[in-house]
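# Secondary and tertiary structure notes
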Amino acid sequence: MTDTPAVEARNTVKTYGVGASAVNALDDVSITIAKGEFFTLLGPSGCGKTTLLRCIAGFETPTSGAILLSGRDITATPPNARPVNTVFQSYALFPHLTVAANIAFGLQMLGKSRAEVAQTVERVLALVRLESFADRLPQQLSGGQQQRVALARALAPAPQVLLLDEPLSALDLKLRKEMQSELKRLQTETGITFVFVTHDQEEALTMSNRIGVMSAGRLLQVGTPREIYDRPRNRFVADFIGETNFLVGTVVPGGVRLATGDTLAVPLNGHSGEVTLTVRPEQIRIAADGTGGTIPARVTQTTYFGTDTHYHLQLGDGSALVARLQSRAGGDDAHAQGDAVGVQIDAGTLQVLGE
Amino acid sequence: MARRRSFDVTRLPGFTAIAILAFVLLYAPIVTLVIYSFNGSSSVNLWGGFSLQWYRIAFENEAVQSAAVRSFVIAASASMIATTVATLAALGTTRRGKFPGQTIIYVMINQPLMVPEIVTAVALLIFFASIKIATGYTGLGYLILAHSAFCVPFAYLPIRARLEGMDSAMETAAADLYASPVQTFRHITLPLLMPGVLAGAMLAFVISLDDVIITEFVKSAGQDTLPTYMLGQLRRALTPEVNAISTVLLAVTIVILTAFFLMTRKRD
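Residues numbered from 1 in each chain as written. Chains lettered and ligands numbered in written order. Predicted model: local features only at pLDDT ≥ 70, side-chain atom pairs only at ≥ 80, totals over all residues. Heavy atoms only, no water.

Per an unreviewed UniProt entry, chain A carries the name Spermidine/putrescine import ATP-binding protein PotA and comes from Sulfitobacter sabulilitoris. As its UniProt record puts it under Function (unreviewed entry), chain A is described as follows: "Part of the ABC transporter complex PotABCD involved in spermidine/putrescine import. Responsible for energy coupling to the transport system." Turning to chain A, the UniProt record has this under Catalytic activity (unreviewed entry): "ATP + H2O + polyamine-[polyamine-binding protein]Side 1 = ADP + phosphate + polyamineSide 2 + [polyamine-binding protein]Side 1." (UniProt positions renumbered as here; feature names shortened; annotations may be inferred.)

What follows is the structure, given as structure tokens:
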């Protein structure tokens, strides 16, 4: 029992409305988040990720199912009795309290001694590098500073789990990058389990230990960033995270045959019949036309992105692919529009998608 | 750059004339009243030179003194009671989910705004009369209760507006930070609501201070407030003393309402 999960959701369902207009914001979601993990719930808006977070925080009560915290069923526990804290998307700082008083609030409600409160506030302010702002009011701070106060306020009571609801979405790009590494640092330093909600796939990939991808109230896939990116289990996950190519083919002995007649030796994992394959643009290589083991294609468009160049390719059956190759220093594009080329796809980089 | 509006009322014919007329109608009588409060003669419409004598007479008049004290005691008590009730009502109608009968409750809270005041006055007269007979109590309590009742909607409206404009994420955040519902109210909701509460209390105070109809019906003998005292003066020879009292009431009201506007004015 040493590795009791920090958070567990069991068959959680949250239904809004009744009868025909009822909507399942959470549709039988089960998830296990380990202690000390940086876990990200990723999905488009309306996918249920925030609802799941609010169920963990206690702001929503699941219609059915259970929420466990360190093995204890907290489904019916009110939010103020749950040892979790939230960083809100809108920050929700108390406007009538100073930065220090905002941070002290949770500790005071827990009945900590005056000395302990003062000491913790000082320590947490240092943690988010806001020592000199203790006596300011929230509206006297910039967006990035308010964000760090919100973080400090949620971290101060040393919760078992910190819930972060799209905390970086209101920040501009540069500040967001800074806060991403800041969050990662805080998580490592405090060792607190982070459950982070975002719709930004890059944010999810760079920060998380594991990612849970959600869509339409369902949890589609849980895995490390690498697993999610390299081995997406279905079309939604493959499409939502990063750029990708889809190829349709039929399972034949020894692999998948494309409509072009070429057969790719993909590991099948029990799939049969018509399947969709996915391959990331950076995994595709382009060789001279007629090279052995390549699929003949034509370059329809090239787009220069600085570090790399995108080659839009059309296969013999009309299906389209995008290959991303590193740009060549000082030279022209390796292949020009209209060139006939050979497309090389390593079977190991292909992934057969399920439903 | 200032863009020209496609519709600008100031360019309609007669705009200036109508505006001036409206302001004259609103303020000329009040200005006249204030001017004649400084009248040296004992007429309310014949000027007899500048004098403060009517203020002195009013301040030294024991009937005026006791009416003024009574007015302020009633207004202060009624506004406190009404504001407390209104705060609870506003919380009860905004800090919860939608419920059946919501509109009816809302209408019922604002009932005094819609029912003709004379009806309420007669109803209270009859109601309190039977209580007076039953208990023998004839103190100020009846007036305070009556004033509290009709002041509730005036206190309710600004408090409710403030509550509705308040981000409920504040209260969610407080609950997340281990505050019980009572602690959340005390440390977060109430401080943030305070400008609305003060505004409501001031409005209720002014409304109570000004009331004639209900007071006239409910008061027992010797329980004149300033407005009912002044009404009583109409039956005798009217002197600029009434002007002086009115001017003082006007000044008090202006001070309170200015504070009200400063308090409810949008900040940030």
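After that view of the structure, there is still more to cover.
## A look at the overall build of chain A
Summing up its helical and strand segments, chain A has 8 helices and 20 strands in all. The long-range share in chain A, meaning contacts at least 24 apart out of those at least 6 apart in sequence, stands at 65%. When the accessible area of chain A is evaluated, it comes to approximately 16,000 Å², of which 49% is carbon and sulfur surface. Measuring between centres, the 31 positive side-chain charges of chain A sit 6 Å from its 35 negative side-chain charges. (Helix = DSSP H or I, 4+ residues; strand = E, 2+ residues; numbered from the N terminus. Contact = heavy atoms within 4.5 Å. Areas by Shrake-Rupley, 256 points an atom, 1.4 Å probe, with all protein chains shown as cover. Lys, Arg positive; Asp, Glu negative; His and termini not counted. Charge placed at Lys NZ, Arg CZ, Asp CG, Glu CD.)

## Considerations on the confidence of the model for chain B
Per-residue pLDDT for chain B averages 89, and the proportion of residues at 70 or more is 96%. ipTM for the predicted complex: 0.82, alongside a pTM of 0.81. (pLDDT = per-residue confidence, 0-100.)

## A closer look at helix H11 (residues 226-233) of chain B
With 7 of 8 residues buried, H11(B) lies mostly within the body of the structure. All buried positions along H11(B) are accounted for by Leu226(B), Pro227(B), Thr228(B), Tyr229(B), Met230(B), Gly232(B) and Gln233(B). (Buried < 20%, exposed > 50% of the residue type's maximum accessible area, 1.4 Å probe, protein only.)

## Focus: the pattern of salt bridges
All names here are of chain A. A complete count under the given rule lists 20 salt bridges over all chains for this structure. Two residues, lysine 174 and glutamate 178, come together in a salt bridge whose shortest N-O distance is 3.4 Å. Residue lysine 174 and its partner glutamate 178 are both found in helix H5 (residues 173-190); the two are separated by 4 residues, about one turn of the helix. What makes lysine 174 exposed here is its relative accessible area of 63%. For glutamate 182, the salt bridge identified is with arginine 185, shortest N-O distance 3.2 Å. One end of the pair is glutamate 182 and the other is arginine 185, both in helix H5 and 3 residues apart, which spans about a single turn. With relative accessibility at 23%, the residue arginine 185 sits in the partly exposed group. Linked through salt bridges whose partners overlap, the residues forming this network are Arg129, Glu182, Arg185 and Glu189. (Salt bridge = Lys/Arg side-chain N within 4 Å of Asp/Glu carboxyl O.)

## Looking at the UniProt feature "domain: ABC transporter" (unreviewed entry) in chain A
The residues that UniProt annotates with the feature "domain: ABC transporter" (unreviewed entry) are residues 7-241 of chain A. Annotation note: span residues 7-241 of chain A, helix share 36%, strand share 26%, distance between end C-alpha atoms 25 Å.

## Overview of the interface of chain A and chain B
Taken together, the contact pairs 23 residues of chain A with 17 residues of chain B. Between chain A and chain B lies a buried interface of about 1,700 Å² when both sides are counted; carbon and sulfur atoms form 70% of it. When the area that chain A buries against chain B is broken down by residue, the three leading residues are Asn80(A), His96(A) and Met109(A), summing to 34%. Going through the elements one at a time, strand S6 (84-87) and helix H2 (99-109) of chain A are the ones with two or more residues in the side of chain A that touches chain B. Per-class residue counts for the side of chain A that touches chain B are 15 nonpolar, 6 polar and 2 charged. (Buried area = accessible area lost by both parts, 1.4 Å probe. Nonpolar A, V, L, I, M, F, W, Y, C, P; charged D, E, K, R; others polar.)

## Section: the environment of Ile241(A)
Residue and element names in this part refer to chain A. Positionally, isoleucine 241 belongs in the loop between helix H8 (235-240) and strand S11 (245-252). Residue classification places isoleucine 241 among the buried positions, given a relative accessible area of 0%. Sequence-wise, isoleucine 241 and glutamate 166 are 75 residues apart; in three dimensions their C-alpha atoms are separated by 17 Å. With residues near it in sequence (within four places) discarded, isoleucine 241 still touches Leu42, Gln201, Leu205, Val213, Ile228, Tyr229 and Arg280.

## A word on the packing of aromatic side chains
The full count for this structure, using the stated rule, is 14 aromatic pairs over all chains. Ring centres of Phe59(A) and Phe88(A) lie 5.8 Å apart, and the angle between their planes is 25 degrees; this geometry places the pair in the stacked category. Of this pair, Phe59(A) sits in the loop between helix H1 (49-57) and strand S4 (64-69) while Phe88(A) sits in the loop between S6 and H2, and the two are 29 residues apart along the sequence. Take Phe59(A): its relative accessible area is 18%, and that puts it in the buried class. Arranged with centres 5.3 Å apart and planes meeting at 40 degrees, the rings of Tyr137(B) and Tyr142(B) form a pair that is tilted. Cluster of aromatic residues (ring-pair linked, three or more members): Phe127(B), Phe128(B), Tyr137(B) and Tyr142(B). The ring of Phe94(A) carries the charged tip of Arg153(A) above its face, separated from the ring centre by 4.6 Å. (Phe/Tyr/Trp six-rings, centres within 6.5 Å; stacked < 30°, edge-to-face > 60°. Lys NZ or Arg CZ within 6 Å of the ring centre and 35° of its normal.)

## Some points on a nonpolar patch on the surface
Residues and elements named next belong to chain B. Taken together, the side chains of Phe23, Leu26, Tyr27, Ile30, Val31, Ile35, Trp47, Phe50 and Leu52 define a hydrophobic patch exposed on the protein surface, amounting to about 950 Å² of accessible area. Mapped onto the elements of the fold, leucine 26 is located in helix H1 (residues 15-36). Exposure remark for leucine 26: the relative accessible area of 51% places this residue in the exposed category. (Patch = residues over 30% accessible without salt bridge, like charges linked within 9 Å, V, L, I, M, F, W, Y side chains within 5 Å.)

## Observations concerning the pairing of strand S17 (residues 308-315) of chain A
Residue and element names in this part refer to chain A. Where burial is concerned, most of S17 is hidden: 6 out of the 8 residues are buried. Here strand S16 (residues 295-304) runs beside S17; their pairing, made up of 7 bridges, is antiparallel. Paired with valine 299 across the bridge in S17 is leucine 313. Counting the residues in the hairpin turn of S16 and S17 gives 3 residues, including glycine 306, whose phi is positive at 90 degrees. Of the pairings in the sheet, the one linking S17 to strand S18 (residues 320-326) comprises 7 bridges and is antiparallel in character. Bridging across to S18, glutamine 314 finds its partner in alanine 320. Between the antiparallel neighbours S17 and S18 lie 4 residues, among them glycine 318 with a positive phi of about 95 degrees. (Pairing = 2+ DSSP bridges.)

## Topic: the side chain of Asn85(A)
Topologically, Asn85(A) is positioned in strand S6. Using a relative accessible area of 0% as the deciding quantity, one classes Asn85(A) as buried. Setting aside anything within four residues of it in sequence, one finds Asn85(A) in contact with Ala154(A), Pro157(A), Pro159(A), Val161(A), Leu162(A), Leu163(A), Asp176(B), Leu177(B) and Tyr178(B).

## Looking at unusual backbone geometry
One non-glycine residue with positive phi stands out, namely Asn11(A), at about 45 degrees. Look at Asn11(A) and you get partly exposed, because its relative accessible area is 43%.

## With respect to the nonpolar core
Ranked by size, the top nonpolar core spans 67 residues in total, and within it Leu41(A), Leu52(A), Phe94(A), Phe105(A), Val161(A), Leu163(A) and Val218(B) carry the most contacts. Among residues more than four places away in sequence, those in contact with Leu41(A) are Ile31(A), Lys49(A), Leu52(A), Val195(A), Phe196(A), Val197(A), Thr198(A), Gly212(A) and Met214(A). In this structure, Val117(A), Leu125(A), Ala154(A) and Leu171(A) belong to the second largest nonpolar core, which totals 37 residues. (Core = buried A, V, L, I, M, F, W, Y, C linked by side-chain atoms within 4.5 Å.)

## A look at H2(A)
With respect to burial, H2(A) is a largely interior element, 9 of its 11 residues being buried. The inward-facing, buried residues of H2(A) contact helix H3 (114-127) and helix H4 (143-155) of chain A together with helix H8 (169-176) and helix H9 (181-210) of chain B. Looking one or two residues past H2(A), Gly111(A) carries a phi angle of roughly 80 degrees, positive in sign.

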